[in-house]
Protein chains: 4
Amino acid sequence: MAPAKSFYAVVAGVGPKTGRSVALKFAKAYPVVLLARRPESYESIVAEINKAGGKAVGISTDITDQKSVEAAFARIGKEETFAGAGLAAAIYNASSRAGSPKPFLDVTLEELEASLGANPRGLYLFAKSTLPLLLKSVPDSPHPPTLLVTGATASVRGSARFASFAAGKFGVRAIAQSLAREFHPQGVHVAHAIIDAGIGFASDGEVPGSKLSPDAIANDYWNLHTQDRSGFTQEIDLRPFVEKF
Amino acid sequence: MAPAKSFYAVVAGVGPKTGRSVALKFAKAYPVVLLARRPESYESIVAEINKAGGKAVGISTDITDQKSVEAAFARIGKEETFAGAGLAAAIYNASSRAGSPKPFLDVTLEELEASLGANPRGLYLFAKSTLPLLLKSVPDSPHPPTLLVTGATASVRGSARFASFAAGKFGVRAIAQSLAREFHPQGVHVAHAIIDAGIGFASDGEVPGSKLSPDAIANDYWNLHTQDRSGFTQEIDLRPFVEKF
Amino acid sequence: MAPAKSFYAVVAGVGPKTGRSVALKFAKAYPVVLLARRPESYESIVAEINKAGGKAVGISTDITDQKSVEAAFARIGKEETFAGAGLAAAIYNASSRAGSPKPFLDVTLEELEASLGANPRGLYLFAKSTLPLLLKSVPDSPHPPTLLVTGATASVRGSARFASFAAGKFGVRAIAQSLAREFHPQGVHVAHAIIDAGIGFASDGEVPGSKLSPDAIANDYWNLHTQDRSGFTQEIDLRPFVEKF
Amino acid sequence: MAPAKSFYAVVAGVGPKTGRSVALKFAKAYPVVLLARRPESYESIVAEINKAGGKAVGISTDITDQKSVEAAFARIGKEETFAGAGLAAAIYNASSRAGSPKPFLDVTLEELEASLGANPRGLYLFAKSTLPLLLKSVPDSPHPPTLLVTGATASVRGSARFASFAAGKFGVRAIAQSLAREFHPQGVHVAHAIIDAGIGFASDGEVPGSKLSPDAIANDYWNLHTQDRSGFTQEIDLRPFVEKF
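Residues numbered from 1 in each chain as written. Chains lettered and ligands numbered in written order. Predicted model: local features only at pLDDT ≥ 70, side-chain atom pairs only at ≥ 80, totals over all residues. Heavy atoms only, no water.

So, about the packing of aromatic side chains. Scanning the entire structure with this criterion turns up 24 aromatic pairs over all chains. With a centroid separation of 5.9 Å and 55° between ring planes, the pair formed by Tyr30 of chain D and Trp222 of chain D is classed as tilted. Linking Tyr30 of chain D in the loop between helix 1 (18–27) and strand 2 (32–36) with Trp222 of chain D in helix 6 (residues 214–225), this pair joins segments that are 192 residues apart in sequence. Among the aromatic residues, ring-to-ring pairing joins Phe26, Tyr30 and Trp222 of chain A into one connected group. It is Arg181 of chain B that lies over the ring of Phe245 of chain A; its NZ or CZ is 4.4 Å from the centre. (Phe/Tyr/Trp six-rings, centres within 6.5 Å; stacked < 30°, edge-to-face > 60°. Helix = DSSP H or I, 4+ residues; strand = E, 2+ residues; numbered from the N terminus. Lys NZ or Arg CZ within 6 Å of the ring centre and 35° of its normal.)

So, in structure tokens, the structure goes:
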């Protein structure tokens, strides 16, 4: 499909689990930009994608810092593969669990700030940089331009000893909801996924499927991205079949 | 894929919109059974599927009536295509809006009963007949055996003048949640879709995508059915990009 | 306060716990009518109230049956104390847990029907009889005329093996929400209380306050009833301090 | 009631509406400390309470600043009336709507930070200072020591153009939920009130009760504070009878 060649995806918060699987999945259709604070978080994934015939670049980015995020997107605009291309999908997968789980009276202000920083502030900065690009892609992207946001159990439940993490994740969900209501009518799809489980691959001796597979998440993110605009999902939950909820 | 040949799907509540699209979608992978009260609701869809090389039968069923539902499943067991086959997917798409919208004091007991009948009681009867079959399919069905349930805005919001419909749809959601919690650990996937919009195809002169397309719903139902058991979704919402929510 | 003399309250679903405490509480301000299926459920409470100088009558009523409910309200209109008086508060405290907790495949249709009967249908019948009376009281009742509805954990959560009870309680919540949205603007307050715990009095050896006291519930119901119409609460939750949630 | 003399209440976020009404209400039972950034926000209320025979002091406090909050509580410990007294109730009524309503792409990072600062961070700081004091009061305070938190529509709904405010208020709700789950079992009551309306007094020509009266809120806060620990409410909603929801 010709137009796919001129669109790309960007994933913020890349590590060995969800970020990697999502990057690999979207890399089958689009060149991808991987953002993470430390190069060792994305280098092997970039190599894996490029080796498999895809196209990927990684950019060291502190998602909690306005200048760093703006610099990352300025650089994307100058990369050969991405200059002139349209943004088809932006995935916000960064987070911080700082201060959780912990008795509330032991949570430090620094921990709370770290959660607010990598959760609502990070999403705010990422959305500020990506939404203008996604809006530009509305007329011709192969699927409705999409902003996907990774949530957690703590996005909908303030559990005991999770005040810090929940404050951050509730905030992320608030922004995702608000953006959906503002940008859906403009043609940009904004969806929030409640990841209600530990993520990983069940190891030997564990029941297959008993951990939430990053590949399963990536598959669902792709399904959300390819939804027709006649039927946008704003929120899904995801958990392994054995998970209590 | 060989095993798919010996599995089938059943759709309750078939009409010209969601039921038809879901039946056509699942008919690409499985023989399908269509249940509706009146033959004219399924006949043309059965013909459409069989003509396209699929396999479909329709059975007149009053989903609110225990004997009628049991008779339908007894007959399925005797049909050549379905005897010996396993049930891979059961979709509950029946409903009744009796008594809504209407000022509460004008709602009759018969209307409330019709809503409770086609909503929670119908789902109860359908689930009683399908869950034992879905459980049997766990070891070898191509995808985790799935019970999908169609909800509405009224599943999560009791709007003014919608007491009757909301009582029914809240009840459906309650059952779907409870079944998910009981049957997920046994390998059967139970998911509930909040259809938050009028369903149909945007007609000439309307903005494309401004109505929730039945085909989009069918696509999402298929995506839910094919989720790996490492990542089951229990609930999604669906609405056109222009819908207020 | 003079006007209080000509207003009364009615409580449906009277037993030794919440119903009794609510009746005693409201009996301090109003004559009260107690509805229960069996006379032994209300007789001692009626005696207790009348002995203490209050005014109470009990009426045997099957709250799931239209004729029985209509007959009860016809009789209220003929009682000396109540004829000509206005209805200030109606409390729906009836319920049925039939079929819960139980594996879904063991739940009988009769059990589901019992839950739907005493939960949404019972509330529907009670609301149909009381709302016209509450509307008439808007201009002069001492507090905004109030319809209070008792919910449970199962009103907001379909737990495993609680499909039957949850179907009923979700349905009750749906109706309460819908009535609030329709009748608040007309001056009638409709509130739903999520009773998220076993109800009772902590017995000897138990931690004081570790069970949800019926008197605490009654106190909250009174506080809801006496809310000014400038600030209506539609929903509260209630649980003992030690309850997990 | 003798013990009431040695307990006090503290209200953060005092202005002419909710803060003032809550302070006046609690001042009938307890000496009160009023915290606000600017003296002109509390001075007239302090005078009003002291003139009426109550006891009040105001302390200029930037609730978003750790040192300022700690200094305020250090000073409370040295005030004649409060030194040696127990804290019975702490009300968090501070907030910031910075950046809302506004198109998301026009919201500045400073505005988001202001919302996160006066909402989750402010509550965090206030709770860190008050919970140790509330815990100490558990054995002998006249009512279960209480932390009350003011929420808004934006606490449960991320509306279009309210990303900034909703991020803050969702975060506040997360913390309140988490604290309830951690501190209820220790005897401290934590409750969150969703104030779903504009607050004020209906002016001449407006329908009486059509605005959410601060006095109504204060009354409900008092009712929450005086709940027995056998029945704690974690969340209530409040809106005028005419409010759409």
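The discussion continues.
All names here are of chain B. Here Tyr42 shows up in helix 2 (residues 39–51). A residue is classified by how much of its surface remains accessible, and Tyr42, at 9% relative accessible area, is buried. Along the sequence, Tyr42 and Ala23 sit 19 residues apart, while their C-alpha atoms lie 9.9 Å from each other. With residues near it in sequence (within four places) discarded, Tyr42 still touches Val14, Leu34, Ala36, Gly58, Ile59 and Ser60. (Buried < 20%, exposed > 50% of the residue type's maximum accessible area, 1.4 Å probe, protein only. Contact = heavy atoms within 4.5 Å.)

What follows covers the packing of helix 3 (residues 66–76) of chain B against helix 4 (residues 109–137) of chain B. All names here are of chain B. Close contact between helix 3 and helix 4 brings their axes to 9 Å; oriented N to C, the two are set at 25°. Overall, the two elements helix 3 and helix 4 adopt an arrangement that is roughly parallel. The interaxial crossing formed by helix 3 with helix 4 has right-handed handedness. The residues of helix 4 that touch helix 3, namely those facing Gln66, Val69 and Phe73, are Leu125, Phe126, Ser129, Thr130 and Leu133. Each residue belonging to the contact of helix 3 with helix 4 can be placed in one class, and the counts come to five nonpolar, three polar and no charged. (Axes fitted to C-alpha atoms, helices over the stretch in contact; angles between N-to-C directions. Parallel < 35°, antiparallel > 145°, perpendicular 65-115°, else oblique. Left-handed = near helix turned anticlockwise from the far one by under 90°. Nonpolar A, V, L, I, M, F, W, Y, C, P; charged D, E, K, R; others polar.)

With that out of the way, let us pick up the interface of chain D and chain A. Listed by partner, the interface residues are 41 residues for chain D and 41 residues for chain A. Roughly 3,300 Å² of surface becomes buried between chain D and chain A when both sides are summed, with 68% attributable to carbon and sulfur atoms. Per-residue buried area on chain D facing chain A is highest for Phe104, Leu105 and Tyr124 of chain D; these three make up 20% of the total on that side. For the pair chain D and chain A, the interface holds two salt bridges. The shortest N-O distance in the salt bridge between Glu113 of chain A and Arg121 of chain D comes to 2.9 Å. On the surface where chain D and chain A come into contact, there are 20 residue pairs in polar contact (both at pLDDT 80 or more). (Buried area = accessible area lost by both parts, 1.4 Å probe. Salt bridge = Lys/Arg side-chain N within 4 Å of Asp/Glu carboxyl O. Polar contact = N/O pair within 3.5 Å; in protein donor to acceptor, adjacent residues only side chain to side chain.)

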